[in-house]
Amino acid sequence: MKKTFACILVVLSCSYVSAQINNAARAKEIVGKMTLEQKAELVVGNGFRMPGMKPQGPTIGQTQDKVPGAAGTTHAFPSLNIPSMVLSDGPAGVRISPYRNGDSTRSYFATAWPVATLLASSWDTTLVKKMGVAFGSEIHDYGIDVILGPALNIQRNPLNGRNFEYFSEDPYVAGNMTAALVNGIQSNHVGTSIKHFVANNQETNRNTVNTIVSERALREIYLKGFEIAVKKSQPWTVMSSYNLVNGTYTSQEYDLLTTILRKEWGFKGMVMTDWFGGKDPVAQMKAGNDLLMPGTPAQTKEIVDAVKDGKLDENVLDRNAERVLELVFKSPAYHHYKYSDKPDLKRNAEISRTVADDGMILLKNNNKALPLSKGTHNVALFGINGYELIAGGTGSGSVNKAYSVALDQGLSNAGYKVNADLKNVYTNYINDENAKNPKQTMMEQFMHPRPPMGEYVADKDLINKTASNTDVAIISIGRNAGEGRDRKLEDDYNLSDTEQALIKNVTDIYHAQNKKVIVVLNIGGVIEVASWRDQPDAILLAWQPGLEGGNAITDLLSGKVNPSGKLAVTFPVKYEDVPSAKSFPGKEFPEKATPGMFGRPSIPAEVTYDEGIYVGYRYYNTFNVKPAYAFGYGLSYTNFSYSNLKLSSPVFNGKINATVTIKNTGSAAGKDVVELYLSAPSKEMKKPSEELKGFAKTNLLKPGQSQTITFTITPKDLSSFDTKSASWIAEAGKYTVKIGASSTDIKQKADFQLKKDLMVEKDENVLKPQVVIPDFTK
């Protein structure tokens, strides 16, 4: 059997390599037949027009020909048998127009999957890959060739408006989650575009901001997740980001797109710009940014003129054109796939619910307030969010879905009776507010977003009346954000005065009647919790859980599902504790402003990542700053013990295996997340107190059942990036393996020795900052 399996792997590997070689040879042959003008058109997209909007700027073509509402298309060359490819948003589901040509009898809705932050909170790469397979089938069924995601930028600061699209503050989590999702999606023979490469960690001045960051922080924090994803999944494409890094636009930086991505990491695919990213098409071609999206006639002309004037070697253009064609040859469009436009949305909704179940996090559960007791029937649901689910974020990460299940509906579906009088109060308020503010299109929302609906002021009389008729109170708090703008502290990161009063008044009144209060957080990013968390009996972090959110939240509240999610991002006690709080989002230079896109000024800006490698838990743990909820934290309805940590050797020699046994010592079946952290000697290089180097989710363990988890520690896991030598060095000395239930709740430890310094990898000395960034101190 082993021999047969090995033979199959060899055949598959040879087939893959053969296909790559054949595609490369075919691409070279066709590019050799193309005119200069055709080659320039091939590497420039087919233009841009959103549904119902006039073309913006001197663009050509439009995106409505094949899949209305898709983000863009490439040029077709029928005489050469080269079709146009469709590229579509986005990271949390296919974003296309739900109706076409005014025909409301036929819909094209898509599944709104749980957002990336929730996926990461599952710590379950197997489940994320399964979701990716379903996601990819939907992409395939809708005639899309490349989905513009996943996004894996680091959650450097909680005010980033697009954090919901990103997995974690930790690159190991982000990279592995991305690889799992990419492998699932691409198993359907459609492409992904992992983004935004690199250091795109804010929306404020995203097109103009110069990110000033040390080489070490780049390598260890901001590039690391992309490196993991590229090596473990080979995405078909990578999307360069809008920003500059150390003085150069990423889409124009050869050392980023070629030296690091291709030469050091072995990336085999194609690189595209973000939409209208960068400034200089010729510099982008030279850097190895193969495709400019969405494409303008001016870009095509500049490339043609540069070749004619000797400013661009035609061989460089040929190389980029060949990479575009290699992508075309893999695409469903090239293989004339007859897509159905009828994905299995019912099946996908069920998968979405399962994933949401797996990634929600129980933050607090005093006196077993959850799961709801068997005698709980009448529920008071406070908060407008309880009646309007936030399934996902806004902008390119939004999804046109057929429905979403709000929490009140989810509770009703599970047999709970939601207090009707209270529901009427909230739904009347919501309807009145919506009537005053009609729904905006995506572009209207991007250009002139309205402030979110204010929380309804529930007075004490209403709360008292409701408390006498109900068994338990649930307060649902919602937050949304997205592309184009970062969040703010007032009434966003911090709760509003109305929300604070709601939590206090409801808990005071319900507790006076010996009744429990649960808070549900339907949010896309971190918020302040320390000022109010002591009041309710339980807190469930639901994130933005996709279209089945209300049902999934109820699964956990009722005990149908035991919570098993854990935080992949830290919740600080206060915003000022965030290591980047003083530098985010940087400084502007308004005196240098120029006209920008859509009539908005383009303001040069810069931000210095002065915290260096001390992002998230690396900062809080190393500098002893106590968080509200630590990275890796999450509760369960059962308990687990950790025992019998063993290392395969006391001395490191190539690799070490670590095994640990997890046992369910409680009374309910459940899953646990096992986290492996490593503490390394700090002789020549300062290091975080510990760094995540492995994680695993257990099976569903019955009470009394155990599972042994094995981790493998490699030389790269031991190493840090030494800027002077541009190499990854593992310093000699004692290393401590820490097995934890969170980054601050370490259950088992074991040491091993590295006898002498080890140079693990030699890289190029590139992407240096133009200024000195002092070592970070608290």
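Computed from a predicted structure; not experimentally measured.

Q: Help me out: how do you make sense of the overall build of the protein chain in this one?
A: Broken down by element type, the protein chain carries 21 helices and 29 strands. Whereas a compact globule of 778 residues would reach a radius of gyration of roughly 28 Å, the protein chain reaches 26 Å, a difference of no more than 12%. The principal-axis extents of the C-alpha atoms in the protein chain amount to approximately 80 × 70 × 65 Å. Split into buried and exposed, the 778 residues of the protein chain put 61% on the buried side. A separation of at least 24 residues holds for 78% of the contacts in the protein chain among residues at least 6 apart in sequence. For the protein chain, the computed accessible surface area is about 30,100 Å², with 51% contributed by carbon and sulfur atoms.

Q: Honestly, the sheet that holds strand E25 (residues 720–722) in this entry has me stumped. Any pointers?
A: Pairing in this open sheet of 3 strands is antiparallel, and the strands run E25-E26-E29 from one edge to the other. In this open sheet, the two strands that pair with only one neighbour each are E25 and strand E29 (758–762). Direction aside, neighbouring strands of the sheet carry axes that sit 40° apart on average. Where strand E26 (residues 727–730) lies against E29, 4 bridges are found, and the strand directions are antiparallel.

Q: How do you make sense of the packing of helix H12 (residues 345–359) against helix H19 (residues 549–558) when you look at a structure like this?
A: For any two helices packed against each other, one specifies the inter-axial angle together with the distance between the axes. Put simply, H12 and H19 touch, their axes get as near as 9 Å, and they point 45° apart. Looking at the two axes, H12 sits oblique to H19. Here H12 and H19 pass one another in a crossing that is right-handed. Between H12 and H19, the contacting residues are Arg 353, Ala 356 and Asp 357 on the first element and Asn 551, Ala 552, Asp 555 and Leu 556 on the second.

Q: I would appreciate a short explanation of the nonpolar core in the present structure.
A: Most often, soluble globular proteins have nonpolar side chains that are buried together. Formed by 158 residues in total, the largest nonpolar core has its most connected members in Phe 197, Val 198, Tyr 222, Phe 382, Leu 521, Leu 557 and Phe 571. Ranked by the residues each element gives to this core, the list is headed by helix H5 (residues 171–186), at 7 residues. Non-local contacts of Phe 382, meaning those with residues more than four positions away in its chain, are made with Leu 422, Tyr 426, Ile 463, Thr 466, Ala 473, Ile 474, Ile 475, Ser 476, Leu 502, Val 506 and Tyr 510. Counting residues in each nonpolar core, the second largest holds 43 residues, with Leu 36, Met 85, Leu 291 and Tyr 334 among its members.

Q: How do you make sense of the pattern of salt bridges when you look at a structure like this?
A: As a working rule, side chains carrying opposite charge can pair if their charged atoms are close by. For the structure on display, the rule yields 42 salt bridges. One salt bridge connects Lys 560 with Asp 555, and the closest N-O pair in it is separated by 4.0 Å. The class of Lys 560 is exposed, set by a relative accessible area of 62%. Since its relative accessible area comes to 4%, Asp 555 is described here as buried. Where Glu 691 meets Arg 618, a salt bridge forms, and the shortest distance between an N and an O atom there is 2.9 Å.

Q: Where do I start with the side chain of Thr 111 in this structure?
A: Mapping Thr 111 onto the fold places it in the loop between strand E2 (86–88) and helix H3 (116–122). The residues contacting Thr 111, other than those within four sequence positions of it, are Ala 92, Gly 93, Glu 138, Leu 345, Asn 348, Ser 352, Val 399 and Leu 547.

Q: I keep staring at the packing of aromatic side chains and nothing clicks. Help me out?
A: Working definition: an aromatic ring pair is given by the centre-to-centre distance plus the angle between the planes. For the structure shown, the criterion picks out 30 aromatic pairs. In this structure an aromatic cluster arises from ring pairing among Trp 123, Tyr 172, Tyr 617, Phe 631, Tyr 677 and Phe 695. The residue whose ring lies beneath Lys 224 is Trp 728, and the NZ or CZ to ring-centre distance is 4.4 Å.

Q: Which parts of the structure should I look at to understand the environment of Trp 728?
A: As for its position among the elements, Trp 728 is in strand E26. The exposure class assigned to Trp 728 is buried, which follows from its relative accessible area of 3%. Taking the C-alpha atoms as reference points, Trp 728 and Lys 716, separated by 12 residues in sequence, lie 7.4 Å from one another. When residues no more than four places from it in sequence are discounted, the contact partners of Trp 728 are Arg 219, Glu 220, Lys 224, Lys 716, Ser 719, Ser 720, Phe 721, Leu 758, Met 759, Val 760, Glu 761 and Asp 763. For Trp 728, the side chain forms a polar contact with the side chain of Asp 763, separated by 2.9 Å.

Q: I would appreciate a short explanation of helix H7 (residues 224–233) in the present structure.
A: Burial analysis of H7 places 8 of its 10 residues in the buried class, the great majority of the element. Every buried residue belonging to H7 is among Lys 224, Gly 225, Phe 226, Glu 227, Ile 228, Ala 229, Val 230 and Ser 233, and all of these are buried. Where H7 ends, the next residue or the one after it, Gln 234, has phi of about 40°, a positive value.

Q: Sorry, what's going on with the sheet that holds strand E12 (residues 417–418) here?
A: In sheet architecture, strand pairing relies on hydrogen bonds along the backbone and comes in two forms, parallel and antiparallel. The 6 strands are arranged E10-E15-E14-E13-E11-E12 in an open sheet whose pairing can be described as mixed. In the strand order of this sheet, the two ends are held by strand E10 (361–365) and E12, each with one partner. As paired elements, strand E11 (residues 378–382) and E12 share 2 bridges and run parallel to each other. Considered in E12, the bridge of Asn 378 is made with Lys 417. Against the sheet, helix H14 (residues 420–436) engages E11 and E12, with an angle of about 20° to E11. Packed onto the sheet, helix H18 (residues 497–512) meets E11, strand E13 (472–478) and strand E14 (516–522) and runs at close to 170° relative to E13.

Q: Can you walk me through the environment of Lys 515 in this structure?
A: With respect to the secondary-structure elements, Lys 515 resides in the loop between H18 and E14. Considered as a pair, Lys 515 and Asp 432 are 83 residues apart in the sequence and their alpha carbons are 31 Å apart. Residue contacts for Lys 515: discarding those within four places in its chain leaves Ala 467, Ser 468, Thr 470, Asp 471, Tyr 510 and Asp 537.

Q: Is there a simple way to think about unusual backbone geometry in this case?
A: Note: most peptide bonds trans; most residues except glycine with negative phi. Each neighbour pair has its own omega, and for Asp 89 with Gly 90 the value is 0°, a cis peptide bond. With respect to the helices and strands, Gly 90 occurs in the loop between E2 and H3. With an omega dihedral of 10°, the bond running from Phe 197 to Val 198 counts as a cis peptide bond. Within the chain, Asn 81 stands out as a residue other than glycine whose phi angle is a positive 60°. For Phe 276, which is not glycine, the phi dihedral falls at a positive 70°.

Q: Looking at this structure, how should I read the pairing of strand E4 (residues 191–197)?
A: One face of the sheet, then the other: side chains in a regular strand alternate in exactly this way. Across the 7 residues that make up E4, a large majority, 7, are buried. Here 2 bridges tie strand E3 (residues 146–147) to E4, and the two strands are oriented parallel to one another. Paired with Val 146 across the strands is Gly 191, a residue of E4. Handedness of the E3-H5-E4 crossover: right-handed.

Q: Teacher, can you tell me more about the environment of Glu 227 here?
A: Looking at where Glu 227 falls in the secondary structure, it is placed in helix H7. Look at Glu 227 and you get buried, because its relative accessible area is 5%. The spacing of Glu 227 and Asn 176 is 51 residues in sequence and 9.9 Å in space, taken between C-alpha atoms. When neighbours within four sequence positions are excluded, Glu 227 is seen to be in contact with Trp 265, Lys 716 and Glu 761. A distance of 3.1 Å separates polar atoms of two side chains, one belonging to Glu 227 and the other to Lys 716.

Q: What exactly am I supposed to notice about the packing of helix H4 (residues 125–141) against H5 here?
A: Where H4 meets H5, the axes come as close as 6 Å, and the angle between the chain directions of the two elements is 40°. By the criterion of interaxial angle, the relationship of H4 to H5 is oblique. In this structure, the crossing between H4 and H5 has a hand that is right-handed. Where H4 approaches H5, its residues Thr 125, Val 128, Lys 129, Met 131, Gly 132, Val 133, Phe 135, Gly 136 and Ile 139 are matched on the opposing element by Asn 176, Met 177, Ala 180, Leu 181, Asn 183, Gly 184 and Ile 185.

What counts, and where the lines are drawn
Residues numbered from 1 in each chain as written. Predicted model: local features only at pLDDT ≥ 70, side-chain atom pairs only at ≥ 80, totals over all residues. Heavy atoms only, no water. Helix = DSSP H or I, 4+ residues; strand = E, 2+ residues; numbered from the N terminus. Rg over C-alpha atoms; globule rule 2.2 N^0.38 Å. Buried < 20%, exposed > 50% of the residue type's maximum accessible area, 1.4 Å probe, protein only. Contact = heavy atoms within 4.5 Å. Areas by Shrake-Rupley, 256 points an atom, 1.4 Å probe, with all protein chains shown as cover. Pairing = 2+ DSSP bridges. Axes fitted to C-alpha atoms, helices over the stretch in contact; angles between N-to-C directions. Parallel < 35°, antiparallel > 145°, perpendicular 65-115°, else oblique. Left-handed = near helix turned anticlockwise from the far one by under 90°. Core = buried A, V, L, I, M, F, W, Y, C linked by side-chain atoms within 4.5 Å. Salt bridge = Lys/Arg side-chain N within 4 Å of Asp/Glu carboxyl O. Phe/Tyr/Trp six-rings, centres within 6.5 Å; stacked < 30°, edge-to-face > 60°. Lys NZ or Arg CZ within 6 Å of the ring centre and 35° of its normal. Polar contact = N/O pair within 3.5 Å; in protein donor to acceptor, adjacent residues only side chain to side chain. Right-handed = clockwise from strand over helix to strand, strands pointing away.

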